Amino acid sequence: DARVTQTPRHKVTEMGQEVTMRCQPILGHNTVFWYRQTMMQGLELLAYFRNRAPLDDSGMPKDRFSAEMPDATLATLKIQPSEPRDSAVYFCASGPGAAGNQPQHFGDGTRLSIL
Amino acid sequence: SQQGEEDPQALSIQEGENATMNCSYKTSINNLQWYRQNSGRGLVHLILIRSNEREKHSGRLRVTLDTSKKSSSLLITASRAADTASYFCATDISYAGGTSYGKLTFGQGTILTVHP
(Lines give C-alpha, C1' and ligand atoms only; values in the text may rest on other atoms or scores of the structure.)
Protein backbone atom coordinates (compact mmCIF):
# COMPACT_ATOMS: atom_id res chain seq x y z
CA ASP A 1 0.00 0.00 0.00
CA ALA A 2 1.17 3.51 -0.79
CA ARG A 3 1.99 5.47 2.34
CA VAL A 4 2.95 8.95 3.44
CA THR A 5 6.42 8.79 4.96
CA GLN A 6 7.57 11.20 7.65
CA THR A 7 11.03 11.61 9.10
CA PRO A 8 12.22 11.69 11.76
CA ARG A 9 9.63 9.79 13.82
CA HIS A 10 10.96 11.30 17.04
CA LYS A 11 13.00 14.40 17.72
CA VAL A 12 14.25 15.77 21.02
CA THR A 13 16.19 18.99 20.98
CA GLU A 14 16.91 22.04 23.06
CA MET A 15 15.12 25.32 22.87
CA GLY A 16 16.53 27.62 20.22
CA GLN A 17 17.63 24.85 17.87
CA GLU A 18 16.39 24.54 14.30
CA VAL A 19 14.07 21.62 13.61
CA THR A 20 13.35 20.25 10.16
CA MET A 21 10.63 17.70 9.55
CA ARG A 22 10.26 15.94 6.20
CA CYS A 23 7.37 14.33 4.42
CA GLN A 24 7.17 12.20 1.30
CA PRO A 25 3.58 12.33 0.03
CA ILE A 26 1.95 9.49 -1.86
CA LEU A 27 3.07 9.49 -5.49
CA GLY A 28 0.48 11.25 -7.63
CA HIS A 29 -1.13 13.17 -4.77
CA ASN A 30 -1.03 16.87 -5.48
CA THR A 31 -2.30 18.23 -2.16
CA VAL A 32 -0.14 18.15 0.97
CA PHE A 33 -1.14 19.21 4.47
CA TRP A 34 0.81 19.86 7.67
CA TYR A 35 -1.00 19.43 11.00
CA ARG A 36 0.01 19.77 14.63
CA GLN A 37 -1.65 17.65 17.31
CA THR A 38 -1.62 18.42 21.02
CA MET A 39 -3.83 17.31 23.88
CA MET A 40 -5.02 20.86 24.49
CA GLN A 41 -5.66 22.07 20.95
CA GLY A 42 -6.34 18.84 19.13
CA LEU A 43 -5.47 18.66 15.44
CA GLU A 44 -4.64 22.04 13.93
CA LEU A 45 -3.98 22.74 10.27
CA LEU A 46 -0.71 24.62 9.88
CA ALA A 47 -0.34 24.83 6.10
CA TYR A 48 -1.29 23.17 2.89
CA PHE A 49 -0.08 23.02 -0.68
CA ARG A 50 -1.61 22.18 -3.99
CA ASN A 51 0.64 21.35 -6.92
CA ARG A 52 3.55 22.49 -4.68
CA ALA A 53 2.13 26.00 -4.30
CA PRO A 54 1.20 27.17 -0.79
CA LEU A 55 -2.54 27.76 -0.55
CA ASP A 56 -3.01 28.52 3.10
CA ASP A 57 -0.52 28.89 5.92
CA SER A 58 -2.68 31.00 8.18
CA GLY A 59 -2.45 28.43 10.96
CA MET A 60 1.30 28.69 11.16
CA PRO A 61 3.28 31.11 13.36
CA LYS A 62 5.07 33.00 10.60
CA ASP A 63 7.91 34.29 12.69
CA ARG A 64 9.39 30.87 13.39
CA PHE A 65 7.69 28.33 11.13
CA SER A 66 8.17 27.81 7.42
CA ALA A 67 6.82 25.18 5.04
CA GLU A 68 8.05 24.38 1.55
CA MET A 69 7.77 21.81 -1.20
CA PRO A 70 11.10 21.74 -3.02
CA ASP A 71 9.69 19.11 -5.35
CA ALA A 72 6.64 16.90 -5.71
CA THR A 73 8.18 14.14 -3.58
CA LEU A 74 9.25 16.23 -0.59
CA ALA A 75 7.55 18.62 1.78
CA THR A 76 9.40 20.23 4.68
CA LEU A 77 8.33 22.00 7.85
CA LYS A 78 10.97 24.01 9.68
CA ILE A 79 10.92 25.66 13.08
CA GLN A 80 13.64 28.19 13.84
CA PRO A 81 14.15 28.95 16.66
CA SER A 82 12.23 26.20 18.44
CA GLU A 83 10.45 26.78 21.74
CA PRO A 84 9.08 24.38 24.38
CA ARG A 85 5.50 25.25 23.34
CA ASP A 86 6.25 23.74 19.92
CA SER A 87 6.35 20.29 21.52
CA ALA A 88 3.67 18.26 19.75
CA VAL A 89 3.12 15.59 17.14
CA TYR A 90 3.37 16.96 13.61
CA PHE A 91 1.51 15.12 10.88
CA CYS A 92 1.80 15.34 7.14
CA ALA A 93 -1.10 14.21 4.98
CA SER A 94 -1.58 14.03 1.24
CA GLY A 95 -4.59 13.75 -1.01
CA PRO A 96 -5.58 13.64 -4.66
CA GLY A 97 -7.29 16.54 -6.40
CA ALA A 98 -9.49 18.98 -4.52
CA ALA A 99 -8.92 17.30 -1.19
CA GLY A 100 -11.95 18.70 0.57
CA ASN A 101 -14.01 15.95 -1.02
CA GLN A 102 -11.27 13.35 -0.99
CA PRO A 103 -9.81 11.28 1.86
CA GLN A 104 -6.57 12.51 3.33
CA HIS A 105 -3.77 10.00 3.86
CA PHE A 106 -1.71 10.63 6.97
CA GLY A 107 1.83 9.74 7.86
CA ASP A 108 2.61 8.44 11.35
CA GLY A 109 3.90 11.80 12.48
CA THR A 110 7.00 13.34 14.00
CA ARG A 111 6.87 13.47 17.79
CA LEU A 112 8.75 16.63 18.71
CA SER A 113 9.98 17.49 22.20
CA ILE A 114 11.65 20.83 22.82
CA LEU A 115 13.49 20.98 26.13
CA SER B 1 -16.02 26.43 20.14
CA GLN B 2 -14.79 24.12 17.41
CA GLN B 3 -16.46 23.47 14.06
CA GLY B 4 -16.59 19.77 14.76
CA GLU B 5 -17.30 18.57 18.27
CA GLU B 6 -17.53 14.91 19.09
CA ASP B 7 -19.64 13.45 21.83
CA PRO B 8 -18.91 11.65 24.06
CA GLN B 9 -15.28 12.53 24.72
CA ALA B 10 -14.68 8.96 25.87
CA LEU B 11 -16.62 5.72 25.50
CA SER B 12 -15.89 2.38 27.14
CA ILE B 13 -17.74 -0.77 26.05
CA GLN B 14 -17.44 -4.54 25.97
CA GLU B 15 -16.54 -6.52 22.87
CA GLY B 16 -19.62 -7.33 20.85
CA GLU B 17 -21.51 -4.19 21.87
CA ASN B 18 -22.28 -1.34 19.49
CA ALA B 19 -20.52 1.99 19.79
CA THR B 20 -22.12 5.27 18.75
CA MET B 21 -20.24 8.53 18.44
CA ASN B 22 -21.74 11.86 17.52
CA CYS B 23 -20.36 14.92 15.81
CA SER B 24 -21.89 18.38 15.69
CA TYR B 25 -20.76 21.25 13.53
CA LYS B 26 -21.68 24.88 13.09
CA THR B 27 -21.55 25.90 9.45
CA SER B 28 -22.71 24.51 6.11
CA ILE B 29 -20.59 21.70 4.76
CA ASN B 30 -19.87 20.00 1.45
CA ASN B 31 -19.06 16.69 3.08
CA LEU B 32 -18.12 15.12 6.38
CA GLN B 33 -15.49 12.48 6.95
CA TRP B 34 -14.70 10.13 9.83
CA TYR B 35 -11.18 9.08 10.73
CA ARG B 36 -9.66 6.64 13.22
CA GLN B 37 -6.38 7.11 15.05
CA ASN B 38 -4.63 4.30 16.84
CA SER B 39 -2.21 5.22 19.60
CA GLY B 40 1.05 6.54 18.21
CA ARG B 41 -0.13 6.43 14.61
CA GLY B 42 -1.54 8.78 12.02
CA LEU B 43 -5.21 9.18 11.20
CA VAL B 44 -6.83 6.68 8.88
CA HIS B 45 -9.81 7.59 6.72
CA LEU B 46 -12.92 5.52 7.41
CA ILE B 47 -15.81 6.97 5.45
CA LEU B 48 -16.96 10.10 3.64
CA ILE B 49 -20.58 11.24 3.47
CA ARG B 50 -21.66 14.08 1.19
CA SER B 51 -24.05 16.79 2.24
CA ASN B 52 -26.83 15.37 0.02
CA GLU B 53 -26.54 11.91 1.55
CA ARG B 54 -28.29 10.81 4.74
CA GLU B 55 -26.71 7.45 5.47
CA LYS B 56 -23.74 5.44 4.38
CA HIS B 57 -22.43 1.99 5.26
CA SER B 58 -19.01 0.40 5.11
CA GLY B 59 -18.63 -3.03 6.67
CA ARG B 60 -19.47 -2.67 10.37
CA LEU B 61 -19.61 1.12 10.10
CA ARG B 62 -22.76 3.12 9.62
CA VAL B 63 -22.67 6.90 9.29
CA THR B 64 -25.65 9.20 9.28
CA LEU B 65 -25.80 12.87 8.46
CA ASP B 66 -28.53 15.33 9.39
CA THR B 67 -27.73 18.68 7.80
CA SER B 68 -30.77 20.34 9.35
CA LYS B 69 -29.37 19.57 12.81
CA LYS B 70 -25.78 19.95 11.68
CA SER B 71 -24.87 16.61 13.15
CA SER B 72 -23.50 13.22 12.19
CA SER B 73 -23.17 9.90 13.96
CA LEU B 74 -20.80 6.98 13.54
CA LEU B 75 -22.05 3.57 14.61
CA ILE B 76 -19.65 0.66 14.94
CA THR B 77 -21.56 -2.60 15.26
CA ALA B 78 -20.30 -5.75 17.01
CA SER B 79 -17.22 -3.95 18.30
CA ARG B 80 -13.87 -5.67 18.69
CA ALA B 81 -10.88 -4.95 20.90
CA ALA B 82 -9.06 -3.86 17.72
CA ASP B 83 -11.58 -1.01 17.34
CA THR B 84 -9.98 0.67 20.37
CA ALA B 85 -8.82 4.04 19.04
CA SER B 86 -9.73 7.72 18.83
CA TYR B 87 -12.35 8.66 16.27
CA PHE B 88 -12.54 12.07 14.63
CA CYS B 89 -15.05 13.77 12.42
CA ALA B 90 -13.79 16.28 9.87
CA THR B 91 -15.81 18.77 7.86
CA ASP B 92 -15.22 20.31 4.45
CA ILE B 93 -16.79 23.70 5.08
CA SER B 94 -18.97 25.09 2.30
CA TYR B 95 -18.31 28.74 1.58
CA ALA B 96 -20.33 31.14 -0.57
CA GLY B 97 -21.74 29.36 -3.62
CA GLY B 98 -20.75 25.97 -2.26
CA THR B 99 -17.06 26.63 -2.68
CA SER B 100 -14.69 24.28 -0.93
CA TYR B 101 -11.32 25.52 0.20
CA GLY B 102 -10.08 21.98 -0.02
CA LYS B 103 -9.19 21.65 3.63
CA LEU B 104 -10.78 19.78 6.52
CA THR B 105 -11.58 20.98 10.02
CA PHE B 106 -11.20 18.23 12.62
CA GLY B 107 -13.04 17.81 15.90
CA GLN B 108 -11.42 16.90 19.20
CA GLY B 109 -12.27 13.23 18.88
CA THR B 110 -13.91 10.44 20.86
CA ILE B 111 -11.68 7.95 22.64
CA LEU B 112 -13.21 4.50 22.27
CA THR B 113 -12.06 1.63 24.46
CA VAL B 114 -13.37 -1.85 23.71
CA HIS B 115 -12.72 -4.38 26.47
CA PRO B 116 -12.19 -8.02 25.47
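Residues numbered from 1 in each chain as written. Chains lettered and ligands numbered in written order. Predicted model: local features only at pLDDT ≥ 70, side-chain atom pairs only at ≥ 80, totals over all residues. Heavy atoms only, no water.

## Thoughts on the pairing of strand 9 (residues 85-95) of chain B
Residues and elements named next belong to chain B.
- Across the 11 residues of strand 9, 9 count as buried, placing the element largely inside the fold.
- When strand 4 (residues 29-37) meets strand 9, the two strands line up antiparallel, connected through 8 bridges. Paired with W34 across the bridge in strand 9 is C89.
- Bridge analysis of strand 9 against strand 12 (residues 110-115) gives 3 bridges, and the strand direction is antiparallel. In the strand pairing of strand 12, Y87 is matched with T110.
- Bridge count for strand 9 against strand 11 (residues 105-106) is 2 bridges, and the pairing is antiparallel. Bridge assignment links A90 to a residue of strand 11, and that residue is F106. (Buried < 20%, exposed > 50% of the residue type's maximum accessible area, 1.4 Å probe, protein only. Helix = DSSP H or I, 4+ residues; strand = E, 2+ residues; numbered from the N terminus. Pairing = 2+ DSSP bridges.)

## A short note on the sheet that holds strand 1 (residues 5-7) of chain A
All names here are of chain A.
- If you walk across this open sheet you meet the 4 strands as 1-3-8-7, and the pairing is antiparallel. The open sheet terminates on both sides in strands that have one partner only, identified here as strand 1 and strand 7 (65-71). Looking at each pair of strands side by side, their axes are set apart by 20° on average, direction ignored.
- In the sheet, strand 3 (residues 19-24) pairs with strand 8 (residues 74-79) via 5 bridges, with the strands oriented antiparallel. Across the sheet, V19 pairs through a bridge with I79, a residue of strand 8. (Axes fitted to C-alpha atoms, helices over the stretch in contact; angles between N-to-C directions.)

## Points about the sheet that holds strand 6 (residues 55-58) of chain B
Residues and elements named next belong to chain B.
- Judged by pairing direction, the sheet is antiparallel, and its 5 strands sit side by side in the order 1-3-8-7-6 without closing on themselves. Each end of this open sheet is capped by a strand with a single partner; those strands are strand 1 (5-7) and strand 6. Going from strand to strand, the sheet's axes swing by 20° on average, the running direction of each strand aside.
- Here 6 bridges tie strand 3 (residues 19-24) to strand 8 (residues 71-76), and the two strands are oriented antiparallel to one another. By the bridge assignment for strand 8, S24 is matched with S71.

## With respect to the state of the cysteines
- Inspection of every chain in the model, using the stated rule, returns 2 disulfides over all chains.
- Paired through a disulfide, A:C23 and A:C92 show a sulfur-sulfur distance of 1.9 Å. Taking the sign of the torsion about the S-S bond as the criterion, the disulfide between A:C23 and A:C92, at about -60°, is left-handed. On the criterion of sequence distance, the pair formed by A:C23 in strand 3 and A:C92 in strand 9 (residues 88-95) is long-range, its members being 69 residues apart. Comparing A:C23 with A:C92, the two get one shared label, buried.
- Each sulfur of the disulfide joining B:C23 and B:C89 lies 2.0 Å from the other. Sign of the S-S torsion, about 65° for the bond between B:C23 and B:C89, identifies this disulfide as right-handed. Taken as a pair, B:C23 in strand 3 and B:C89 in strand 9 lie far apart in primary sequence, 66 residues in all.
- Since its relative accessible area comes to 0%, B:C89 is described here as buried. (Disulfide = S-S within 2.5 Å.)

## Considerations on the nonpolar core
All names here are of chain A.
- Among the nonpolar cores identified, the biggest contains 22 residues, and M21, W34, L77 and Y90 are the most heavily contacted of them.
- Broken down by secondary-structure element, the contributors of at least two residues to this core are strand 3, strand 4 (31-38), strand 5 (42-50), strand 7, strand 8, strand 9 and strand 11 (110-114).
- With sequence-adjacent residues up to four places away left out, Y90 is seen in contact with Q6, M21, Y35, R36, L46, F65, L77, I79, G109, T110 and L112. (Core = buried A, V, L, I, M, F, W, Y, C linked by side-chain atoms within 4.5 Å. Contact = heavy atoms within 4.5 Å.)

## A closer look at the pattern of salt bridges
- This structure, assessed with the given rule, holds 11 salt bridges over all chains.
- Note that A:D56 and B:K103 form a salt bridge whose closest N and O atoms lie 2.7 Å from each other. Separated into two different chains, A:D56 in strand 6 (residues 53-56) and B:K103 in the loop between strand 10 (99-100) and strand 11 make up a pair that spans both.
- Of the charged contacts in the structure, one is a salt bridge between A:E83 and A:R64, with a shortest N-O distance of 3.4 Å. You can see A:E83 sitting in the loop between strand 8 and strand 9 and its partner A:R64 sitting in the loop between strand 6 and strand 7, a full 19 residues away along the chain.
- Accessibility expressed as a relative area gives 23% for A:E83, which makes it partly exposed. (Salt bridge = Lys/Arg side-chain N within 4 Å of Asp/Glu carboxyl O.)

Read these as geometric descriptors, not functional statements.
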